[in-house]
Amino acid sequence: MNIGQVAKSSGIPVKTIRYYEDIGFIRPDRDSNGYRNFAETDLHKLAFVGRARSLGFTIEECRALLALYEDQSRASADVKRLAKDHLKDIDDKIAALKSMRDTLSELVTSCAGDDRPDCPILNDLAGR
């Protein structure tokens, strides 16, 4: 398969596929003319990484997950630990976003939003 076919099949943009090749996620063969020739295993790895990225895993976490996936002697506990750590990161981000939302909601509520120059939102941002 060429890169366009792989991009269409995997749903991953060509530019991203080239990046994944650069960082070693895949290593497609090269034809005599220099064009990439992707195997089914490359497509499968791309789909795997694409799904992991859609769940918010970082590139390094994807690298670890891919290594675990390819290691037939892996312990599922290692996979679970990585996923639990990522889940904690997501929960922390959600808590931070909720806090930001609550603060901004209070500021919006406290602002009269009229023609007067006094604005609690700007005062807060200025640290007053």
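Shown above is the structure to which this text applies.
The notes below deal with the structure included here.

The rules we used
Residues numbered from 1 in each chain as written. Predicted model: local features only at pLDDT ≥ 70, side-chain atom pairs only at ≥ 80, totals over all residues. Heavy atoms only, no water. Helix = DSSP H or I, 4+ residues; strand = E, 2+ residues; numbered from the N terminus. Buried < 20%, exposed > 50% of the residue type's maximum accessible area, 1.4 Å probe, protein only. Contact = heavy atoms within 4.5 Å. Expected span 1.5 Å × (residues − 1). Axes fitted to C-alpha atoms, helices over the stretch in contact; angles between N-to-C directions. Parallel < 35°, antiparallel > 145°, perpendicular 65-115°, else oblique. Nonpolar A, V, L, I, M, F, W, Y, C, P; charged D, E, K, R; others polar. Left-handed = near helix turned anticlockwise from the far one by under 90°.

A closer look at the overall build of the protein chain
Check the secondary structure of the protein chain and you find six helices and two strands. A principal-axis box enclosing the C-alpha atoms of the protein chain has dimensions of 70 × 40 × 20 Å. Split into buried and exposed, the 128 residues of the protein chain put 23% on the buried side. Considering only intrachain contacts with a sequence separation of at least 6, the fraction spanning at least 24 residues in the protein chain is 42%.

Comments concerning helix α4 (residues 59-70)
Across its twelve residues, α4 extends 16 Å between first and last C-alpha, which sits within 8% of the 16 Å expected from 1.5 Å per residue. Within the sequence span of α4, burial applies to I59, E61, C62, L65, L66 and L68. Here the buried face of α4 lies against α2 (14-22), α3 (40-54) and α5 (76-110).

Thoughts on the environment of F25
Note on placement: F25 falls in the loop between α2 and β1 (29-30). Between the alpha carbons of F25 and D124 there is a distance of 46 Å; along the sequence they are 99 residues apart. Not counting the four nearest positions on each side in its chain, F25 is found in contact with Y20, K45, V49, I59, C62, R63 and L66.

A closer look at the packing of helix α1 (residues 3-10) against α2
Here α1 crosses α2 at 105°, and the two axes come no closer than 9 Å. Looking at the two axes, α1 sits roughly perpendicular to α2. Packed against α1, whose contacting residues are I3, V6, A7 and S10, the element α2 presents V14, I17 and R18 at the interface. Here the residues of the contact of α1 with α2 are counted per class, giving five nonpolar, one polar and one charged.

Description of the packing of α3 against α4
With their axes 10 Å apart at the nearest point, α3 and α4 run at an angle of 135° to one another. As far as their axial angle goes, α4 and α3 are oblique. Here α3 and α4 pass one another in a crossing that is right-handed. Every residue of α4 that contacts α3 at H44, K45, F48, V49, A52 and R53 is listed here: I59, C62, L65, L66, Y69 and E70. A class-by-class count of the residues in the contact of α3 with α4 yields eight nonpolar, one polar and three charged.

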